[in-house]
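Coordinates in review
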Amino acid sequence: MAAPAPAPPKNRKVLGRLSLPERNYVADALRTETLGGVLLLVAAVTALILANTPLHGTYEAIRDFHIGPAALGLDLSLEHWAADGLLAVFFFVAGIELKRELVAGDLRDPRAAVLPVVAAICGMAVPALVYTFVNTVGGGSLAGWAVPTATDIAFALAVLAVIGTSLPSALRAFLLTLAVVDDLFAILIIAVFFTSDLNFAALGGAVAGLAVFWLLLRKGVRGWYVYVPLALIIWGLMYNSGVHATIAGVAMGLMLRCTRREGEEQSPGERIEHLVRPLSAGLAVPLFALFSAGVVISGGALGEVFTQPEALGVVLGLVVGKAVGIFGGTWLTARFTRASLSEDLAWPDVFAVASLAGIGFTVSLLIDELAFAEDPVLSDVVKAAVLMGSVIAAVLSGVLLKIRNAKYRRLCEDEERDEDLDGIPDVYELHKPEYHLRMARIYEAKAAEHRRRAEVASGAGGQGDGPA
């Protein structure tokens, strides 16, 4: 007797519904990032206003004001403190996010990790290629190839909040995961390509400090008064080593334990991320934007954005490169892994989110300052290009998402519906018999109430039919 034919492999869905724990984590993270994104928008607009009004002299004086112990090599301007100090907090949170995704989130499954990782890599490689091509043809500087590779998740979510798009949780999670992987590769780019002459003594001290940090975590030592001073020492040593100081932030974030032990409601990484994320999104990133986004915008400056090859490469990299790279990476992953897109979505939805990822701000501005540190005039032109490219990407993605907003709203309503009022959305309980029994009791109670009301109405109608 012949053996039965093997069952065909189950068709895997791309951008399908999240698991309930992942959905709750993403919702909590995005609430903070959205509020931080709104503050980021306010800070960026404030910086542009200050830089382009009679207050520009005061703004520049404050931005260039130096503070800090010179003996420790930390006599820095406020702008420098924001870029090297405050953004270390931002990358600390990014490190925790990445660690959590790798050990407890969707990225722990290699099959699920392939999509956002490939999409993020393509979404960084294609903008870099676009920039390189434009500047090779136009005779511009290739130093800024990394500027259009970054995605600013806070800015992107702020745009979503402004246009009021009810983006399904799967697409929001895709965007968030893209940004986390994006941040990791941005850190690698900064570490490899923008590291100045190394001070090996300071670097050795930073590595030793990280080892102590790791050992204290493994021993279960608790107390902010231990870790905060140690983190500041590590940051200072990393800054003086010549390696960009934000590397210290992401390294410490990756060391935190992000898996829960028995009896724990939150892992140490989740608890610390919950505490530090508001500081990052609500203070660190907006202050960086306030000191970095203040560029003079005139008719001539805007003209240079579209005529100077470095600036044009950044605009095209963000608007065209990001959309094509992320969409292409997603489509190729689905094509070669024999996965299919979730039936609730269409490929234009993926392209719209890919366009939204073209909003590059925080890390793009940081890389611009590193790439063109020796040419502040060109750096300001490229900053204007980052702003222009981000605005164009925001408008384009906003239009594309608005077209499908009614569909998204229905999907979100389905995800949020909780008719049995047990605190868990109904779509996550459809496979549970007890859920259907609860719903049967609810509908039976409603039917009984409607029968009672029908009898009352029938009785009132019969009395009204008699003679006056």
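The structure contained in this document is the topic of the report that follows. (Residues numbered from 1 in each chain as written. Predicted model: local features only at pLDDT ≥ 70, side-chain atom pairs only at ≥ 80, totals over all residues. Heavy atoms only, no water.)

So, the overall build of the protein
Scanning the protein for helices and strands turns up 17 helices and 4 strands. Per-residue burial over the protein gives 47% buried out of 468 residues. Of the contacts made within the protein by residues no fewer than 6 positions apart, 78% connect residues no fewer than 24 positions apart. Carbon and sulfur atoms make up 67% of the accessible area of the protein, which amounts to about 22500 Å² in all. (Helix = DSSP H or I, 4+ residues; strand = E, 2+ residues; numbered from the N terminus. Buried < 20%, exposed > 50% of the residue type's maximum accessible area, 1.4 Å probe, protein only. Contact = heavy atoms within 4.5 Å. Areas by Shrake-Rupley, 256 points an atom, 1.4 Å probe, with all protein chains shown as cover.)

With respect to the environment of Phe 174
Within the secondary structure layout, Phe 174 lies in helix H6 (residues 169–193). Spatially, the C-alpha atoms of Phe 174 and Leu 115 are 9.0 Å apart, while their sequence positions differ by 59 residues.

Notes on the pattern of salt bridges
A pair can form between side chains of opposite charge whenever their charged atoms are brought close. Enumeration over the complete set of coordinates arrives at 12 salt bridges. Residue Arg 277 is joined to Glu 97 by a salt bridge in which the shortest nitrogen-to-oxygen separation is 2.5 Å. Of the two residues, Arg 277 is situated in helix H10 (residues 268–292) and Glu 97 in helix H3 (residues 78–103); the sequence distance between them amounts to 180 residues. With relative accessibility at 4%, the residue Arg 277 sits in the buried group. Take Glu 97: its relative accessible area is 7%, and that puts it in the buried class. Here Lys 383 ties to Glu 369 by a salt bridge, and the two come within 3.3 Å at their closest N and O atoms. A residue pair is termed long-range when its members are at least 10 positions apart, and Lys 383 in helix H15 (residues 376–403) and Glu 369 in helix H14 (residues 362–371) qualify at 14 residues. Looking at Lys 383, the relative accessible area reads 4%, which means it is buried. Its relative accessible area of 16% is what places Glu 369 among the buried residues. Each of Arg 63, Glu 79, Glu 369 and Lys 383 takes part in salt bridges that share partners, so that together they form one network. (Salt bridge = Lys/Arg side-chain N within 4 Å of Asp/Glu carboxyl O.)

Brief notes about the packing of aromatic side chains
Counted under the stated rule, the structure contains 8 aromatic pairs. Where Phe 90 meets Phe 91, the ring centres are 5.0 Å apart and the plane angle is 75°; that geometry is what we call edge-to-face. On the basis of relative accessible area, Phe 91 is assigned to the buried category, the value being 0%. Taken together, a centroid distance of 5.9 Å and an interplanar angle of 20° make the contact between Trp 235 and Tyr 239 stacked. Within this pair, Trp 235 and its partner Tyr 239 are both found in helix H8 (residues 224–241), separated by 4 residues, close to a single helical turn. Judged by relative accessible area, which is 18%, Tyr 239 ranks as buried. One aromatic cluster is present, built from ring pairs that chain together Trp 81, Trp 235 and Tyr 239. It is Arg 335 that lies over the ring of Phe 336; its NZ or CZ is 5.9 Å from the centre. (Phe/Tyr/Trp six-rings, centres within 6.5 Å; stacked < 30°, edge-to-face > 60°. Lys NZ or Arg CZ within 6 Å of the ring centre and 35° of its normal.)

As for the layout of surface pockets
Each pocket or cavity is described by its volume, and for the second largest pocket that value is around 1200 Å³. In terms of lining residues, the second largest pocket is bounded by 34 residues, among which Phe 92, Phe 213, Tyr 227, Val 228 and Ile 272 are the most central. (1 Å grid on protein atoms, 1.4 Å probe; cavity = no way out; pocket = protein on both sides within 12 Å on 5 of 7 lines; lining within 4 Å. Points joined across faces, edges and corners; volume = space filled by probe spheres on them.)

Comments concerning empty space enclosed by the protein
Taken as a whole and assessed by the stated rule, the structure comprises 3 cavities of 30 Å³ or more. By volume, the second largest cavity amounts to about 60 Å³. Lining the second largest cavity we find Phe 90, Thr 151, Asp 152, Ile 153, Ala 154, Asp 183, Val 285, Thr 362 and Val 363. Listed by contribution, the elements that provide at least two residues to the lining of the second largest cavity are helix H5 (153–163) and H14. Along the lines of polarity and charge, the residues of the lining of the second largest cavity split into 5 nonpolar, 2 polar and 2 charged. (Nonpolar A, V, L, I, M, F, W, Y, C, P; charged D, E, K, R; others polar.)

Topic: the side chain of Ser 292
Turning to its location among the elements, Ser 292 is positioned in helix H10. Here Ser 292 is in contact with Tyr 59, Glu 79, Leu 365, Glu 369 and Lys 383, once residues within four sequence places are set aside.

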